[in-house]
Amino acid sequence: MACGSTSLWAGEATWFCCGNAWGSCGSAGTGACGTCQSSKHMAAWPNLSAACYDITRPDLCGEGMPRRTCGAVMNVKHQCSGATVCVTLADCGPRTKSFCGEATCCNGACRTNRVIDLTPSAFSAIGSLSSGKLPVYIYE
Amino acid sequence: MSPSQHSESGGRRLDRRRFLTTAAIGGATIVGASALGGLDADAAFAEPMPSLDTAIPAAFAEGRIVAINRNVLDVAGSHGERYLIQLTNATSVWKLRTTTAEAIEVGDGLYARGAAMPDGTIAADAVWVNIVNVYVTIRGIAKDRLHLQHGSAEVVGHIVPDTTTASYLGGALTADLSKTRIGQEAQVLGAWRPADGNIDIARVSLGH
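Every value quoted in this text rests on a predicted model; they were computed, and no experiment measured them. Starting afresh in each chain, residues are numbered from 1 along the sequence in its written order. Each chain gets a letter, beginning with A, and each ligand a number, beginning with 1, in the order they are written. Thresholds applied to this predicted model are a pLDDT of at least 70 for local features of residues and 80 or more for the giving and counting of side-chain atom pairs; totals over whole chains, interfaces and linings are not thresholded and use all residues. With hydrogens and water stripped out, all remaining heavy atoms of the structure feed into the side-chain values.

Asker: Describe the overall build of chain A, with residues and values.
Answerer: Along chain A, the regular secondary structure elements total two helices and eight strands. To qualify as a helix, a DSSP run of H or I must reach at least 4 residues; to qualify as a strand, a run of E must reach at least 2; elements of each kind are numbered from the N terminus. Reading chain A from its N terminus to its C terminus gives the helix and strand order β-β-α-β-β-β-β-β-α-β. Three exposure classes are used, based on accessible area relative to the maximum for each residue type with a 1.4 Å probe and protein chains only: buried under 20%, partly exposed in between, and exposed over 50%. Buried residues in chain A amount to 57% of all 140 residues. The criterion used for residue contact is that any of the two residues' heavy atoms lie within 4.5 Å. The contacts in chain A between residues at least 6 apart in sequence include a share of 68% that link residues at least 24 apart.

The following block contains the structure:
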């Protein structure tokens, strides 16, 4: 399946580690889909399943995000630089409800609420890991 | 001029990736200082990113450093891969803060982004050493540390003077951690300590 250009969502992207890796990642496992690896362009989506949605609850932040399941692909584009990465859904997250109202800005324009979590491989393709958050547009 | 911006060299405009691959091919061994200016990884992305040279494939590496030979990091990937990562004049290094290659040690974990070289090595554009970004629940608070629950694991997050900052519900960064509460959910970005598995906190983002 190829990444598309139809607008799906916008918000904050954060990053997380998964798979058999060093440090705090060691206990993370391969995610809800059983395929997640930090070194691949993968992502976590808040509405991967009903059980996932119960944990992340983006709706509590006004984000009625649609269901997308394991293996779905999306383009994630940095709001300001235009850098884009194509990712495959492999886990449930981020916990949107815990950070309602949080905003990340660039060039004076802000995106609000955590809507997607990227692996280090994917996040570093469009931004710096040390920033922790990026404002992004998501396409499918 | 930032390395993310264009620089004149020999009458030809060079983008960051072209510069670092040129530096790697040329055997440049100067690390920690740049002829092009600041090397902060965040600054590298502060400006709109120039189009990458499609003739030079991008590369990513993840793993632990098993040896350091001059300006080359020998890295064992977590899934059996092996990487040789070249540090050049244009490489930005992060280890709890923006730093220089001298701070990198054998045993450290890393993520590296760069360009794939013809000889199989990676010319690094940015190297993040021991960086972690974990979702936690705060279980205890002391003057110099936070006790954190990450999944089923308990981790100590060390508060580093002049470095650790906090953000409350997306607010501006502050050195004041006094509003941190037990039971609060948080995202901790910091540097993992290979010796004991704990974390030096760069930034803690407090949620609801």
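Anyway, onward from the coordinates.
Asker: Give a description of the packing of aromatic side chains that names residues and reports values.
Answerer: Pairs were defined over the aromatic rings of Phe, Tyr and Trp, the Trp ring being its six-membered one, requiring ring centres within 6.5 Å. Orientation was assigned from the angle between planes: stacked under 30 degrees, edge-to-face over 60, tilted for the rest. In this structure the tally under the stated criterion is five aromatic pairs over all chains. Ring plane angle 85 degrees and centroid distance 6.0 Å describe the contact between Trp15 of chain A and Tyr111 of chain B, whose orientation is recorded as edge-to-face. Taken together, the positions of Trp15 of chain A in strand 1 (residues 7-15) and Tyr111 of chain B in strand 8 (residues 109-116) put the pair across two chains. For Trp15 of chain A, a relative accessible area of 1% gives the class buried. Pairing Phe60 of chain B with Tyr111 of chain B gives two aromatic rings, centres 6.0 Å apart and planes at 25 degrees, and the pair type is stacked.

Asker: Explain the nonpolar core to me, and be specific about the residues and the numbers.
Answerer: Residues Ile116 and Leu118 of chain A together with Tyr111 of chain B are the most contacted members of the largest nonpolar core, which totals 57 residues. Counting only domains with at least three residues in this core, you end up with domain 1 (7-129) and domain 2 (131-206) of chain B. Here, the term nonpolar core denotes a set of buried Ala, Val, Leu, Ile, Met, Phe, Trp, Tyr and Cys residues that are joined through side-chain atoms within 4.5 Å. An automatic or database domain assignment is the source of the domain bounds shown.

Asker: Pulling in residues and values, what's your account of the interface of chain B and chain A?
Answerer: In this complex, chain B contributes 38 residues to the contact, which on the side of chain A involves 32 residues. By buried area we mean the combined loss of accessible area, with a 1.4 Å probe, across both parts when two parts are placed together. Approximately 3100 Å² of surface area, both sides summed, lies buried where chain B meets chain A, with 58% of it carried by carbon and sulfur atoms. A pairing counts as a salt bridge when a side-chain nitrogen of Lys or Arg comes within 4 Å of a carboxyl oxygen of Asp or Glu. Remark: the boundary between chain B and chain A carries zero salt bridges. Within the residue set of the side of chain B that touches chain A, elements represented by two or more residues are helix 2 (41-44), strand 3 (58-69), strand 8, strand 10 (131-141), strand 14 (185-192) and strand 15 (199-206) of chain B. Its residues assigned to classes, the side of chain B that touches chain A shows 18 nonpolar, twelve polar and eight charged. In the scheme used here, Gly and all other residues not listed as nonpolar or charged are polar, with Ala, Val, Leu, Ile, Met, Phe, Trp, Tyr, Cys and Pro taken as nonpolar and Asp, Glu, Lys and Arg as charged.

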